[in-house]
Amino acid sequence: PRMKETSGWQQVFSSPRLDWVIERVALNAKVLGGALGDHDKMVAVASCTEIILWALQADGNGSEIGVFHLGVPVEALFFVGNQLIATSHTGKIGVWNAVTKHWQVSVGVTISRLSPNCPWKLPSHPHPQIQDVVPINSYDAAGTFLLLGCNNGSIYYVDVQKFPLRMKDNDLLVTELYRDPTEDAVTALSVYLT
């Protein structure tokens, strides 16, 4: 089997037999400068909380890159550039970075608020901060940016190419881009960059 341009369907990879039902599939057909060279293709499959990622070569061979755990059911599995993204409605995000070959699972899309013990003062140390996980309702990608529409009316973004981590806890940095004043849930996103 070859992965050259052709008409019709052609088998290019067959995974080993899996003991679980595949619920999600993601395919990345062009990974320029990827972990295994400029001609790599990747396929990922997910079931429940587990994800398997393979690199495919032009000769039809494939090698397992890894088995990753999100810790909660995977609701969406897709690539943004050469980064594999897994999201869950619970607010958790998993990102596999092709450059660093590192799997990072965020605590979740979180909002910080002051502790109810002292809501009028800024905390003097990080412990009074409470992290609320925000359910993810929708997503889209624009270039290297992953945008997340959430239950609280906010749109968050992550630059998955830069793979930013917070200094305080080494968690994935998720930044709020917009917040609806009425906090209506963001149920759909469609982004087009020009």
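Residues numbered from 1 in each chain as written. Predicted model: local features only at pLDDT ≥ 70, side-chain atom pairs only at ≥ 80, totals over all residues. Heavy atoms only, no water.

**Topic: the sheet that holds strand E7 (residues 93-97)**
Point 1. Spatially, the 4 strands line up as an open sheet ordered E5-E6-E7-E8, and their pairing is antiparallel. Of all the strands in the sheet, just strand E5 (76-80) and strand E8 (102-105) have a single pairing partner and so form its edges. Looking at each pair of strands side by side, their axes are set apart by 15 degrees on average, direction ignored.
Point 2. Where E7 lies against E8, 4 bridges are found, and the strand directions are antiparallel. Looking at the pairing, Asn-97 lines up with His-102 of E8. (Pairing = 2+ DSSP bridges. Helix = DSSP H or I, 4+ residues; strand = E, 2+ residues; numbered from the N terminus. Axes fitted to C-alpha atoms, helices over the stretch in contact; angles between N-to-C directions.)

**A look at the pattern of salt bridges**
Point 1. Per the counting criterion, the structure on display carries 2 salt bridges.
Point 2. Among the ionic pairs, Arg-179 bridges to Glu-176, the shortest N-O distance being 3.0 Å.
Point 3. On the accessibility criterion, Arg-179 (32% relative accessible area) is partly exposed.
Point 4. Taking relative accessible area as the criterion, Glu-176 reaches 37% and is therefore assigned partly exposed.
Point 5. For the salt bridge of Glu-183 with Arg-179, the shortest nitrogen-to-oxygen distance reads 3.7 Å. (Salt bridge = Lys/Arg side-chain N within 4 Å of Asp/Glu carboxyl O. Buried < 20%, exposed > 50% of the residue type's maximum accessible area, 1.4 Å probe, protein only.)

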